[in-house]
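For reference, the chains in residue letters:
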Amino acid sequence: MSAWLIAANKHRATRILDAEVISPTVKTFTFKDKLCAKAKPGQFLMLWIPGVDEIPLSIYDVNREKGLISVAVKRVGEATKALHDMKTGDWIGVRGPFGNGFTFKGGKALLVGGGVGIAPLTFLAKELAVQKISRTVVVVGAKTGKELIFLDKLKRLCGEKNVLAATEDGSYGVKGLASTLTESVMTKEKFDAVYTCGPEPMTRVVLDCAERFGVYAEASLERIMRCAIGICGSCTIGGYRVCRDGPIFNINQLKSVKNEFGVWKRDFNGRRIPI
Amino acid sequence: MSAWLIAANKHRATRILDAEVISPTVKTFTFKDKLCAKAKPGQFLMLWIPGVDEIPLSIYDVNREKGLISVAVKRVGEATKALHDMKTGDWIGVRGPFGNGFTFKGGKALLVGGGVGIAPLTFLAKELAVQKISRTVVVVGAKTGKELIFLDKLKRLCGEKNVLAATEDGSYGVKGLASTLTESVMTKEKFDAVYTCGPEPMTRVVLDCAERFGVYAEASLERIMRCAIGICGSCTIGGYRVCRDGPIFNINQLKSVKNEFGVWKRDFNGRRIPI
Amino acid sequence: MNSERLKVELAGLSLVSPTMLASGILGYSAETLKNVAENGAGAVVTKSVGLKPRSGYANPTVVHVACGLINAVGLPNPGIDEFTRDIKEAKAVLKVPLVASVYGFSAEEYMVVAEKAVEAGADAIELNVSCPHVKETGAEIGQNPNVLAEVVRKVKGAVDKPVFVKLSPNVADISEIAEAAVKAGADAITAINTVKAMAIDIETTRPILSNKRGGLSGPAIKPIAVRCVYDIYERVRVPIIGCGGVTSWQDAVEFMLAGASAVQIGTAVALKGPSIFRSVVRGIDAYLRKKGFRSVKEIVGLAHRS
Amino acid sequence: MNSERLKVELAGLSLVSPTMLASGILGYSAETLKNVAENGAGAVVTKSVGLKPRSGYANPTVVHVACGLINAVGLPNPGIDEFTRDIKEAKAVLKVPLVASVYGFSAEEYMVVAEKAVEAGADAIELNVSCPHVKETGAEIGQNPNVLAEVVRKVKGAVDKPVFVKLSPNVADISEIAEAAVKAGADAITAINTVKAMAIDIETTRPILSNKRGGLSGPAIKPIAVRCVYDIYERVRVPIIGCGGVTSWQDAVEFMLAGASAVQIGTAVALKGPSIFRSVVRGIDAYLRKKGFRSVKEIVGLAHRS
Ligand SMILES: Cc1cc2nc3c(=O)[nH]c(=O)nc-3n(C[C@H](O)[C@H](O)[C@H](O)COP(=O)(O)OP(=O)(O)OC[C@H]3O[C@@H](n4cnc5c(N)ncnc54)[C@H](O)[C@@H]3O)c2cc1C
Ligand SMILES: Cc1cc2nc3c(=O)[nH]c(=O)nc-3n(C[C@H](O)[C@H](O)[C@H](O)COP(=O)(O)OP(=O)(O)OC[C@H]3O[C@@H](n4cnc5c(N)ncnc54)[C@H](O)[C@@H]3O)c2cc1C
Ligand SMILES: Cc1cc2nc3c(=O)[nH]c(=O)nc-3n(C[C@H](O)[C@H](O)[C@H](O)COP(=O)(O)O)c2cc1C
Ligand SMILES: Cc1cc2nc3c(=O)[nH]c(=O)nc-3n(C[C@H](O)[C@H](O)[C@H](O)COP(=O)(O)O)c2cc1C
Ligand code: FES
Ligand code: FES
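The present account deals with the structure reproduced in this document. (Residues numbered from 1 in each chain as written. Chains lettered and ligands numbered in written order. Predicted model: local features only at pLDDT ≥ 70, side-chain atom pairs only at ≥ 80, totals over all residues. Heavy atoms only, no water.)

With respect to the sheet that holds strand 6 (residues 68-71) of chain D
Working step 1: Strand order across the open sheet formed by four strands is 5-6-14-11 (chain D), with antiparallel pairing between neighbours. Each edge of the open sheet is held by one strand with a lone partner, namely strand 5 (62-65) and strand 11 (195-198) of chain D. Between one strand axis and the next, the sheet turns through 40 degrees on average, direction left out of account.
Working step 2: With three bridges joining them, strand 6 of chain D and strand 14 (residues 213-217) of chain D adopt antiparallel strand pairing. Directly across from Ile70(D), in strand 14 of chain D, lies its bridge partner Leu216(D).
Working step 3: Strands strand 5, strand 6, strand 11 and strand 14 of chain D of the sheet are contacted by helix 7 (residues 222-233) of chain C, whose axis makes an angle of about 75 degrees with strand 11 of chain D. (Pairing = 2+ DSSP bridges. Helix = DSSP H or I, 4+ residues; strand = E, 2+ residues; numbered from the N terminus. Axes fitted to C-alpha atoms, helices over the stretch in contact; angles between N-to-C directions. Contact = heavy atoms within 4.5 Å.)

The structure is reproduced here in structure tokens:
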């Protein structure tokens, strides 16, 4: 029986200690949780908004000593709106950390984040900085300059000139898609690993690009999460469970599911919908 | 939940590795059980005779390295008869060890065993021998010489002249009761602790005697055992649960239950019956 | 621990804390009951007693499984005539209410035993209509609303003390049964007794309990018991006493939020000894203080309001 | 692992091992089912599918408790018309029998869905008449022998594949329900589905599951499930598929001794991943060898003979 224990999966109630507005649509929330504070970059947690929903969120930052953890949340629907409306002192529920996290490779790393997808990559950049990796370049993309987040933090972590931005409306950085900018960065310089998180069409292009350049790459995927422990089956891509075998997949794994990756996913009722 | 674990209480099936005839009514049985092999003298186990019964038995010997354990069983009724009929290779069930065990005091120890009650005291003598206690004297009693058990072993452990016997028919040792012999031993020599196990009238006399001589004493008690983990209530004496707070009680504890000790106990249905 | 916050009135009984010793746990003798009460229990329930003495089943009567115990003790008890002595002795030393648990093989028997228990001094009666392992009493009665109602009516007609009815989870709809008991006059509902279960030894290929089937208790059944309390709370207006797997103060609070006015503790006594009551009572008190509740009554059923 | 000893015939299906993936566990897509089969499962059961698409309940849908999980996923599924694609894809890659789990809100619906599933290639149908958390299907049907019999008869009349009936433990007498199912034509009984349960968060004082109540699975319910199988085995003559808390090969053997011809594994997949099947199958095989049994069939129901 003692075998029966996924300690991380136990529900813990905790209070919001800090909530900060990051952009018109993104807020960060900080709270105490010992288990999640041990997470690796790329892992996620399930956050319960009492009476509303429970949603997967990547871990954006941790303070290991104090047992604190932060998530960056984009307001897109009911649950994220309800969370945005919550204040310091309000109770939430947490379980996790779940999933595998990014794999550290030596040498030079390229991080490509789209929208709030930059959150787990910011955590990754922080850890890479500690690991004294030779060089980390970050490409961030958003529709418009106001939605570019964590730029200052990333510049502090990776060096001012290593953070490149692309906006669709050209209001900040290069005009265009993050994936296009990525391609030009990779053309100029050889990296040892590419890490990406963001809208799946973007990550798919980044992965294709990495493949063409023969560079190791990992992408963080999103699928419907319910159990987060690998049994309900709502998050599968091919034979993989995103919650358990992912959410980080490497280039070879993604090649094996190329008919699904960036193409279709399952909806809440299990129907296939195009991405 | 991890709190929910009385590891020792889990049922383990094991095979009888050895069965030996000790006297016309007593046999020893040896089997493997890691947990019980860690027991202290005075602790007991619950032995399941499949399809028949489960009975409490004191631990008579252990081999800590090999994880072996032996019990000495007197044939008195259905369960003990069925057990006596079992052979090497037969399956039994074990849980335990349970209870508290004897308390080691320094100096000189007097052990008083009646009938098969000598079993846990033999285990105690063995441990005392290792502890290089200054002197251990053993008084054993039985109806008749043939029923005196473990004499050779006790002599080896405590020295030939330190093992004294009393039989009711005088066929071996002094004629009379072990309790009477104990009294005369205690008159001649001052001990630091007295340990006794056997029929309750005997242990009661021994305890009274120890009290008169102002010597620390402990007795092992028997009550109906069902759960062995302190909840069913069938083994109580006063406010104590024999399975959990005992089976070893010291002289002060026994004084606090003097209206019950040696006087009455509860039957299988909880009725009070005289001892 | 003697806090105003913790006091509850339960169907006319005054409890110093919302915790009780469950039936069948150490419930024979005055001294053990006293010991439990001194550790903070608000009331104690005796072992279930019937009209005639019963030896119960042969051992093994208790088997340890993943998250609990399965027991088929078989209601050993000395019979009510002998047991009145234990009730009197207990009353003489106890400062908290004594609840006599009663079983019978007919409504008549339940009534006679309850009467004698009350005469001997019991402050309340708990009808065990839910023992999963003794035929023709217990669950057979607790699974049938009509039979149950008859038992409750008879007992209520005979005694002037509060009557609790302890229900079995081994039914399709426990709240229906609870309603039948309340309509027949039950002053409180205790939920739940053990869940029918068994364990088989794979080496000997035999069921381990001599009775083969038994009742599961302990942490394994807590989520089932909480759900039962929650269901019953939606249906009846008498106090509910939660029981099943309470091992910590958090468990006790969970039951109360679900609708229990008090909790009973059984199996966990094996783990932590009678001092479990002390830690549960202290924990509840600290929770109330932290959350700003002035009385434990304020949290009863709170989970229904959210 | 491909041992003669482990082969079983189950109501006409040939299984390489007496283990199956339980319904609702990873049961949407061909690849995950294949993965499970390659780990040694003798058959796989799909997620329960109904006539129309359903999104299920809002999260939280799964909550972790002492010895298991409580889930109220709410039967999310794309509806049978869309799901036939998944069945076909699964059939194309699977080397083991595919069992389609079916639910409905009427006997008619069960029938239509079962027909379509069989048309798409399902080797057998498992009727989910025991989901504890969706109203008007599942348990409401599995708790009533007459309604259940009607469902079974309709489905049996419409499909020529074996029909399993998956029962709920949330009844007073599961063997009575099993008998009704068998009389109506069930080819096998699966026992059990989850046990009705709930969990409340004490800080927010709220039920955690969005549906409040859910079904308890995992080690906590194993002793309950073993007892159900044991009870049913005494009553019916069709094969029984044991389910509930199987986490080790020892658990699987225990179910088989109680009377199960095979076992399903659900929650334990969360712990050990699909490789749980490998270790269970290996363990059973080693047990049979050690004990001198030539076939796993020899141990089915052995606990009844002692
Ligand atoms: C591994 C993982 C990590 C994520 N990390 C972040 C993050 O760090 N920051 C962030 O803002 N967002 C993150 N998301 C996305 C976030 O979970 C959704 O935005 C959120 O669930 C939307 O909920 P809603 O009720 O506000 O919107 P809704 O209107 O309910 O849904 C909008 C969309 O969000 C997605 N979504 C909703 N519920 C779930 C669910 N249970 N599981 C998966 N997707 C869901 C669906 O695609 C849905 O169409 C992550 C998702 C996954 C799977
Ligand atoms: C802590 C303890 C340690 C013991 N150690 C030993 C030992 O080392 N060697 C030994 O031979 N005997 C020992 N006994 C006694 C032994 O348990 C009984 O002799 C045995 O249970 C008799 O069972 P039966 O079916 O053969 O006899 P029965 O005819 O059933 O009973 C004879 C008597 O044995 C006692 N007894 C029966 N069942 C139980 C039970 N479940 N719990 C307690 N007493 C019971 C009762 O007093 C009963 O009247 C010990 C008892 C206890 C409580
Ligand atoms: C060993 C044992 C004996 C029990 N005897 C009785 C009994 O006599 N009468 C009764 O109503 N319940 C009896 N019960 C059930 C408990 O009172 C309680 O309802 C059940 O164990 C669930 O609570 P728990 O998980 O805290 O133990 C017994 C339980 C155990 C474990
Ligand atoms: C997340 C989850 C989803 C489930 N979905 C279904 C389902 O759709 N249909 C069904 O018949 N049973 C379903 N079940 C019940 C399982 O099939 C199984 O009967 C139960 O979990 C007990 O087995 P276990 O302890 O091995 O998990 C589900 C169980 C879980 C945990
Ligand atoms: S979320 Fe349930 S399997 Fe991944
Ligand atoms: S044997 Fe059950 S309390 Fe001691």
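Considerations on the state of the cysteines
Working step 1: Per the counting criterion, the structure on display carries one disulfide over all chains.
Working step 2: One disulfide in the model links Cys67(C) with Cys67(D); its S-S distance is 2.1 Å. Between Cys67(C) and Cys67(D), the S-S dihedral sits near 70 degrees, and the bridge is therefore right-handed. With one member in each of two chains, Cys67(C) in the loop between strand 5 (62-65) and strand 6 (68-71) and Cys67(D) in the loop between strand 5 and strand 6 form a pair that bridges those chains.
Working step 3: Take Cys67(D): its relative accessible area is 2%, and that puts it in the buried class. (Disulfide = S-S within 2.5 Å. Buried < 20%, exposed > 50% of the residue type's maximum accessible area, 1.4 Å probe, protein only.)

Overview of the interface of chain B and chain C
Working step 1: At the interface, 39 residues of chain B touch 44 residues of chain C.
Working step 2: Overall, the association of chain B and chain C removes approximately 3,600 Å² of surface from exposure, summing both partners, and the carbon and sulfur fraction of that is 61%.
Working step 3: Linking chain B with chain C are three salt bridges, by the criterion used here.
Working step 4: Across the salt bridge formed by Asp86(C) and Arg272(B), the nearest N and O atoms sit 2.6 Å from each other.
Working step 5: Our count for the contact surface shared by chain B and chain C stands at 13 residue pairs in polar contact (both at pLDDT 80 or more).
Working step 6: Put simply, the parts of the chain that give the side of chain B that touches chain C at least two residues each are strand 3 (44-49), strand 4 (53-58) and strand 7 (91-98) of chain B. (Buried area = accessible area lost by both parts, 1.4 Å probe. Salt bridge = Lys/Arg side-chain N within 4 Å of Asp/Glu carboxyl O. Polar contact = N/O pair within 3.5 Å; in protein donor to acceptor, adjacent residues only side chain to side chain.)

Some remarks on the site of ligand 2
Working step 1: Taken together, 22 residues sit near ligand 2, with Pro56(B), Ala72(B), Lys74(B), Ala79(B) and Thr80(B) positioned nearest.
Working step 2: At the site occupied by ligand 2, nearby residues are drawn from chains B and C.
Working step 3: The contact in question runs from an oxygen atom of ligand 2 to an N or O atom on the backbone of Pro56(B), over 2.7 Å.
Working step 4: Within the backbone of Ala79(B), an N or O atom sits 2.8 Å from an oxygen atom of ligand 2. (Near = heavy atom within 4 Å.)

Looking at the site of ligand 1
Working step 1: In the neighbourhood of ligand 1, 22 residues make up the surrounding shell, with Pro56(A), Ala72(A), Lys74(A), Ala79(A) and Thr80(A) lying closest.
Working step 2: Among the chains of the assembly, those with residues near ligand 1 are chains A and D.
Working step 3: The backbone of Ser58(A) places a nitrogen or oxygen atom 2.9 Å from a nitrogen atom of ligand 1.
Working step 4: A distance of 2.7 Å separates an oxygen atom of ligand 1 from a polar backbone atom of Lys74(A).
Working step 5: Sort the elements by how many residues they give to the shell around ligand 1 and strand 4 (residues 53-58) of chain A lands first, with four residues.
Working step 6: Class assignment of the residues belonging to the shell around ligand 1 gives a composition of 13 nonpolar, four polar and five charged. (Nonpolar A, V, L, I, M, F, W, Y, C, P; charged D, E, K, R; others polar.)

Concerning the interface of chain D and chain C
Working step 1: With 44 residues of chain D at the contact, the number on the chain C side is 44 residues.
Working step 2: Note on chain D versus chain C: buried area summed over both sides is about 3,700 Å², and carbon and sulfur give 61% of it.
Working step 3: Run the count over chain D and chain C and you get eight salt bridges.
Working step 4: One salt bridge connects Arg213(C) with Asp231(D), and the closest N-O pair in it is separated by 2.5 Å.
Working step 5: If you list the elements that add at least two residues to the side of chain D that touches chain C, you get strand 11, strand 12 (200-201), strand 13 (206-207), strand 14, helix 7 (222-233), helix 8 (249-258) and helix 10 (276-291) of chain D.
Working step 6: Taken together, the residues that form the side of chain D that touches chain C break down as 27 nonpolar, five polar and twelve charged.

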